[in-house]
Amino acid sequence: MAAGKAIEEIFGASSADYRYYVDTGPVLERGWAARAGLGFIGKNTMLISRRFGNWLFLASILTRLELAPDAPLTKKIEKQALEKESQVGLLCGKCTRCMDACPTGALPRPGVLDARRCISYQTIENRGMVPRELRPGIGTRIYGCDICLDVCPWNRFARTARGVLLAVRGEIAELPLRDLLGLTPARFAEVFRGTAIKRVKLAGLLRNACIVAGNSGDVDLLAPLSRLAGHASPMVRAHAVWAVFRLAGPAAGENILAAVRAAETEAVVLEEYAAALNAAEPI
């Protein structure tokens, strides 16, 4: 890491004098960044920079060296970092765009994130079933979510920074949903090699793709979804069943999946059939 090498050159330190983290390790990067004057914690719980908005990727260096600290942006921000939750979002003013825009209600009050309802958590970190009531709110988001960042007014200063982040994603974001629903282990490894998306594993990405397909309204996706209803992973099967019923409705969905349902034995998948058939309204 270049900053680590700079510490060695400037202070005569060795690699044993510091340790760095980039999006990993038990480090509260946002809190320390606010204390160091890089920005402030917004109502969306993100670090917001006056220069770059909240399109930021934070790295941390822990060191034993004695370094003169920078001051927080204001004394109020220092209080925010040291005292109480009510101080969060002081430079947000009366704006609540991030809280209002979250489709799953993951920001119940300023500076508080309910990870259980967060789309990024559900589509990346959650290794199991996505709660049924949250699936419609996931919309078209297969991996992660940027809504609470995207709507922040401070981003009027951050178009260049966001452009860099988008460029890194390359053509992966353009993959058709049908192709994602048809991913094999070999194709998954080929397409996502060297990317963070591999963290969710193939089953996790297929699960997410099923949810998006169910939200798409595209009945042409019923065929690949029906195939996934017979997938080796019970988690994938369960979400495929949900998506088929969401697109086709109870009667047609039951008919489409009759054969695979007859062979189903996993409780988590059978629960999806039961929920879909017993729903008073479309799921």
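The paragraphs below set out a description of the structure included in this document. (Residues numbered from 1 in each chain as written. Predicted model: local features only at pLDDT ≥ 70, side-chain atom pairs only at ≥ 80, totals over all residues. Heavy atoms only, no water.)

1. A short note on the overall build of the protein
The condition that has to hold: Numbering of helices and strands runs from the N terminus, with a helix taken as a DSSP run of H or I at least four residues long and a strand as a DSSP run of E at least two residues long. Only protein chains enter the area calculation, which uses a 1.4 Å probe; residues under 20% of their type maximum are buried, those over 50% are exposed, and those in between are partly exposed. Only heavy atoms matter for contacts: two residues are in contact if any of them lie within 4.5 Å across the pair. Residue burial considers only the protein chains on display, and all accessible areas are found by Shrake-Rupley using a 1.4 Å probe.
What the protein contains, in helices and strands, is 16 helices and four strands. Taking all 283 residues of the protein together, the buried fraction comes to 39%. For the protein, the share of sequence-separated contacts (at least 6 apart) that also reach a separation of at least 24 residues comes to 64%. In the form shown here, the protein has an accessible surface area of approximately 15600 Å², with 55% of it arising from carbon and sulfur atoms.

2. Considerations on the packing of aromatic side chains
As a reminder, the rule being used: Only Phe, Tyr and Trp rings are paired, with Trp represented by its six-membered ring, and only when their centres lie within 6.5 Å; those with planes under 30 degrees apart are stacked, over 60 edge-to-face, the remainder tilted. Two conditions define a charge sitting above a ring: the NZ of Lys or the CZ of Arg must be within 6 Å of the ring centre, and it must be within 35 degrees of the ring normal.
On inspection of all chains with the given rule, the structure shows three aromatic pairs. Considering the side-chain rings of Phe188 and Phe192, the 5.3 Å spacing of their centres and the 45° angle between planes classify their relative orientation as tilted. Between Arg156 and the ring centre of Trp154, over which it is positioned, the NZ or CZ distance is 5.8 Å.

3. A look at the environment of Val241
Within the element layout of this structure, Val241 appears in helix H13 (residues 234–248). On the accessibility criterion, Val241 (0% relative accessible area) is buried. Spatially, the C-alpha atom of Val241 lies 7.7 Å from that of Val269, the residues being 28 residues apart in sequence. Among residues more than four places away in sequence, those in contact with Val241 are Ala229, Leu257, Val269, Glu272 and Tyr273.

4. Here's the deal with the environment of Asp150
Along the chain, the position of Asp150 falls in helix H7 (residues 147–150). On the accessibility criterion, Asp150 (32% relative accessible area) is partly exposed. Linking Asp150 and Ala101, residues 49 residues apart in sequence, is a C-alpha distance of 9.7 Å.

5. Concerning the packing of helix H11 (residues 201–216) against H13
Short version of the rule: Axes here mean lines fitted to C-alpha atoms, for a helix over just the part in contact, with angles spanning 0 to 180 degrees between N-to-C directions. We call two directions roughly parallel when the angle between them is under 35 degrees, roughly antiparallel when it is over 145, roughly perpendicular when it lies between 65 and 115, and oblique otherwise. For this classification, the nonpolar set comprises Ala, Val, Leu, Ile, Met, Phe, Trp, Tyr, Cys and Pro, the charged set comprises Asp, Glu, Lys and Arg, and every other residue, Gly included, is treated as polar.
Interhelical geometry of H11 versus H13 gives an angle of 5° and a closest axis separation of 8 Å. Looking at the two axes, H11 sits roughly parallel to H13. Contacts from Ala203, Gly204, Leu206, Arg207, Cys210, Ile211, Ala213, Gly214, Asn215 and Ser216 in H11 reach Met235, Val236, His239, Ala240, Trp242, Ala243, Arg246 and Leu247 in H13. Partitioning the contact of H11 with H13 into residue classes produces 11 nonpolar, five polar and two charged.

Nothing here speaks to function; it is all geometry.
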